[in-house]
Amino acid sequence: MPSPHLSPLSRRGLLASAGAAGLLTAVGAPAVAAPRRSASLVVHNARVFTGTRGHAHAQAVAVGRDGKILAVGSDPSLRRFIGRDTEVVDARGGTLMSGIHDGHAHPMGAADRSLKPSLAGAEQTVEELRKTLTEFLKDSKDQEPDGWLVVEDWNPVGLLPHGTAPHHSMLDALPTRRPVALVGGDGHNIWVNQRALDIAGITAATPEPPGGKIVKDKDGKPSGVLKDDAQPLVTRHIPEPDREQLVAAAAKIFAEAAASGITTFMEAVVGKSELSVYQALAERGALPQRVVPALRIDSDLAKDPAAALAYARGLRADFGGVHGLRFGTVKVFLDGVIEYPAQTAALLEPYLDKDGKPTDHRGELYVSAADYGRLTAAFNKDGWQMHAHAIGDRAVRTSLDGYAYALRATGARGLRNTTAHLQLVDPADLPRFARLGVIPCMQLQWATRNTWTMDALLPYIGAARHRWQYPARSLERHGARLSGGSDWPVDPLQVWNQVRTSVDRFGAEGEEAEGDLYREQEGLSRSSALLMHTLGTARQLRMDHLTGTVERGKSADLVLLDRDVTRCPVADISSAEVRLTLTGGTVVHDADTSAGRAAAARVTRAAAGPRPAAQAAVHGGRHASCGCG
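Residues numbered from 1 in each chain as written. Predicted model: local features only at pLDDT ≥ 70, side-chain atom pairs only at ≥ 80, totals over all residues. Heavy atoms only, no water.

**Structural notes on the overall build of the chain**
Reasoning step 1: A count of helices and strands for the chain gives 19 helices and 24 strands.
Reasoning step 2: Taken over the C-alpha trace, the chain has a radius of gyration of 24 Å; the compact-globule value for 629 residues is 25 Å, and the two agree within 12%.
Reasoning step 3: If one aligns the C-alpha atoms of the chain with their principal axes, the spans along those axes are about 85 × 60 × 50 Å.
Reasoning step 4: Restricting the contact set of the chain to residue pairs at least 6 apart, pairs at least 24 apart contribute 75%.
Reasoning step 5: Here the chain has roughly 23,500 Å² of accessible surface; of this, 50% comes from carbon and sulfur atoms.
Reasoning step 6: Treating the 72 positive side-chain charges of the chain as one cloud and the 70 negative ones as another, the clouds have centres 7 Å apart. (Helix = DSSP H or I, 4+ residues; strand = E, 2+ residues; numbered from the N terminus. Rg over C-alpha atoms; globule rule 2.2 N^0.38 Å. Contact = heavy atoms within 4.5 Å. Areas by Shrake-Rupley, 256 points an atom, 1.4 Å probe, with all protein chains shown as cover. Lys, Arg positive; Asp, Glu negative; His and termini not counted. Charge placed at Lys NZ, Arg CZ, Asp CG, Glu CD.)

**A few points about the environment of E577**
Reasoning step 1: Relative to the helices and strands, E577 resides in the loop between β22 (558–561) and β23 (578–583).
Reasoning step 2: According to the relative accessible area criterion, E577 is exposed, its value standing at 52%.
Reasoning step 3: Between the C-alpha atoms of E577 and L561, which are 16 residues apart in sequence, the distance is 5.7 Å.
Reasoning step 4: When residues no more than four places from it in sequence are discounted, the contact partners of E577 are L560, L561, D562 and R563. (Buried < 20%, exposed > 50% of the residue type's maximum accessible area, 1.4 Å probe, protein only.)

**Things to note about the nonpolar core**
Reasoning step 1: Counting residues in each nonpolar core, the largest one holds 100 residues, and the members touching the most others are F379 and W496.
Reasoning step 2: Grouped together as the second largest cluster of nonpolar side chains are 19 residues, A46, A91, A556 and L560 included. (Core = buried A, V, L, I, M, F, W, Y, C linked by side-chain atoms within 4.5 Å.)

**A closer look at the pairing of strand β4 (residues 69–73)**
Reasoning step 1: Most of β4 sits inside the fold, with five of its five residues counted as buried.
Reasoning step 2: Bridging between strand β3 (residues 60–63) and β4 involves four bridges; their strand directions are antiparallel. Counted as the bridge partner of A60 is G73 from β4.
Reasoning step 3: Between β3 and β4, which pair antiparallel in sequence order, lie five residues; one of them, G67, sits at a positive phi of approximately 85°. (Pairing = 2+ DSSP bridges.)

**What about the environment of P107?**
Reasoning step 1: Examined against the element boundaries, P107 turns out to sit in helix α2 (residues 107–113).
Reasoning step 2: Discounting chain neighbours no more than four positions away, the residues touching P107 are I253, F254, F265, E267, Y278 and W488.

**What about the sheet that holds strand β16 (residues 290–296)?**
Each strand in a sheet pairs with its neighbour through backbone hydrogen bonds, running either in the same direction (parallel) or in the opposite one (antiparallel).
Reasoning step 1: Strand order in the open sheet formed by eight strands is β7-β15-β16-β17-β18-β19-β20-β21, with parallel pairing between adjacent strands. Every interior strand has two partners, whereas the edge strands, β7 (100–105) and β21 (483–484), have only one.
Reasoning step 2: As defined by bridge partners, β16 adjoins strand β17 (residues 329–333) across three bridges and the pair is classed as parallel. Paired with A294 across the bridge in β17 is T329.

**Concerning the packing of aromatic side chains**
Reasoning step 1: Following the criterion strictly, the structure yields eight aromatic pairs and no others.
Reasoning step 2: Between W154 and W191, the aromatic rings sit 5.4 Å apart at their centres with planes inclined by 50°, giving tilted as the arrangement. A residue pair is termed long-range when its members are at least 10 positions apart, and W154 in strand β9 (residues 149–154) and W191 in strand β12 (residues 189–192) qualify at 37 residues.
Reasoning step 3: Residue classification places W154 among the buried positions, given a relative accessible area of 4%.
Reasoning step 4: Grouping aromatic residues by their ring pairs yields a cluster made of F254, F265, Y278 and W488.
Reasoning step 5: Above the plane of the ring of F333 lies K331, whose end atom (NZ or CZ) is 4.2 Å from the centre. (Phe/Tyr/Trp six-rings, centres within 6.5 Å; stacked < 30°, edge-to-face > 60°. Lys NZ or Arg CZ within 6 Å of the ring centre and 35° of its normal.)

**Thoughts on the sheet that holds β4**
Reasoning step 1: A sheet is described by the order of its strands in space; here four strands give the open sequence β4-β3-β1-β5, paired in mixed fashion. At either end of the open sheet lies a strand with only one pairing partner, and these are β4 and β5 (87–90). On average, adjacent strands in this sheet sit at an angle of 10° to one another, irrespective of strand direction. (Axes fitted to C-alpha atoms, helices over the stretch in contact; angles between N-to-C directions.)

**Let's talk about helix α9 (residues 305–319)**
Each full turn of the α-helix corresponds to 3.6 residues, which orients residues three or four apart in the same direction.
Reasoning step 1: Taking 1.5 Å as the rise per residue, α9 with 15 residues should run 21 Å; its terminal C-alpha atoms sit 21 Å apart, in good agreement.
Reasoning step 2: Looking only at α9, the buried set comprises A308, L309, A312, L315 and F319. Down the axis, α9 shows its buried residues gathered within 125° of arc, on one side only. Across from the buried face of α9, at angles greater than 90 degrees, the exposed residues are A306, A317 and D318.
Reasoning step 3: Where α9 is buried, its residues contact α8 (272–283), β16, β17 and α10 (369–381). (Expected span 1.5 Å × (residues − 1). Arc of directions from axis to C-beta.)

**Side note on the pattern of salt bridges**
Side chains bearing opposite charge may pair, as long as their charged atoms lie close to each other.
Reasoning step 1: Within the structure shown, the criterion is met by 25 salt bridges.
Reasoning step 2: Across the pair R284 and E244 runs a salt bridge, and its minimum N-O distance is 3.0 Å. You can see R284 sitting in the loop between α8 and β16 and its partner E244 sitting in helix α7 (residues 243–259), a full 40 residues away along the chain.
Reasoning step 3: Assessed through its relative accessible area of 47%, R284 is described here as partly exposed.
Reasoning step 4: We classify E244 as partly exposed; its relative accessible area is 44%.
Reasoning step 5: One connected set of salt bridges, linked through shared partners, spans D112, R113, K116, E152 and D153. (Salt bridge = Lys/Arg side-chain N within 4 Å of Asp/Glu carboxyl O.)

**Here we look at unusual backbone geometry**
Reasoning step 1: Note the cis peptide between E144 and P145, where omega equals 0°.
Reasoning step 2: As for its placement among the helices and strands, P145 is situated in the loop between α3 (126–139) and β9.
Reasoning step 3: Between Y340 and P341 the backbone carries a cis peptide bond, its omega angle lying at 10°.
Reasoning step 4: Tracing the backbone shows P341 in the loop between β17 and α10.
Reasoning step 5: One non-glycine residue, R542, lies in the positive phi region at around 60°.
Reasoning step 6: Relative to the elements of secondary structure, R542 occurs in the loop between α18 (535–540) and β22.

Don't take any of this as a statement about function, it's just geometry.
Structural data, given as structure tokens:
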């Protein structure tokens, strides 16, 4: 729920030049004293996507003074809700719909990243990379000799020529004594220099933590690359960002999200530090979205359900009163990422080598099915829902096996346990989602042909498995109720390109690709794509009684677009612009205000971003854990 301190923003720019009275006359309403049930806002001349079976041709929505939807219908039928003090907006034929619900994102991670220099996922030679990093060092020369240089969005598959293995010696050659850390855009890799290894005390004898890997060179010494839960060996030595700077950055981040049409987030990895920033934002009236924090349970704690439950209850007790937060979800990482060279995603059958021959490597499973089942049962019994990171088909099956165990043990249905990402799903598991009531939360902006899905994956899993990437339509056909998320800031926040790619499996970056990614088999209809990012995710977050559709009595969490995304060419959905966003009837973004223009400009700049020099289709990363470090 939005903060009560948020002031309604001006909508003058959306009104006709003749003013509100002119619009009242235009829609035929009398400019007289407000009727008893006059609306605070009426949007008319819209293409309303209600998300319901009724109101297929609705043109207008009236918002009550209690922040709820007062009425949905035709322009003439809603005239009775217009009074003298009702604000009236001409949609100019654009879509009015439920606000976007992002079921898996890391906005706090986006805020933190915004404070650091970024490599933007670029592919570079070692020499080019050194030149870039040297410029970053010059920009922060006051930090010599001991201040950390932390650089975001390093592309773990982006050293040229392809196949070049990162090593600390490449960073040691930089003109600095400072510890240097390149944080992988995928959230699962970090690359550091020898100074950083020394500070962390990492040597050839350092044991690998559960769920993590210290990459070794040919001499058996640490190469400087750490994967997954080995990253904290280094990151715990990196100073936290200035709190005031982080809170200010987070406020900008949430404004950008509102400018993108997002009214609800699930923050996919949360601990005490993130919750304290949310608390500060709420106190300052700078939290325009509803937020479901998913409390992270690490792989060690997952083996002790009682302790894990006590931990989650403790955080809920400490922060449950923060306005706008809705507790009840915990997050567990079951595996890592599937792309070469990380290959930490758990597969049913082994990865292939570069020549297409089977290896003995099936990736990493961080929590067993038995442990995940017992953990799920403990949390489900207490009313909590689970949210599992599962990339590989073995991890997906593990999540389903755990949920099946919990259902047998507790009989608790309707908690909407969720499996996220689902990059690879074995066809035998497709029907299990509907049977178990499990929500598949998918990030379908990744379902496009690029370096990540082709060069770094196809040779290592083979064509037969490759076809089952992000099987959205297959899951839908088997009765699963899809939900959507962005995993921002793994990719730039491009909400409407995300919706578009769900349909055409091509996306805005498809101009750089040769064809789509199994559109015929797995592309969704336009209605399904819109529903998975509204009602589908509201259902995942157990908020569908409150939001997710445009119907009388629901909260006025709405977004108004500059075009009709239900009818325009599919490719044009990518460039849709948000004119107005409301949460609980409160305007949290108005494109015609100076603040709204600034937020929208930041969204546009981030989406455009510096493109990788050698491969324009490369994203900044995949499947960030955003907090496992």
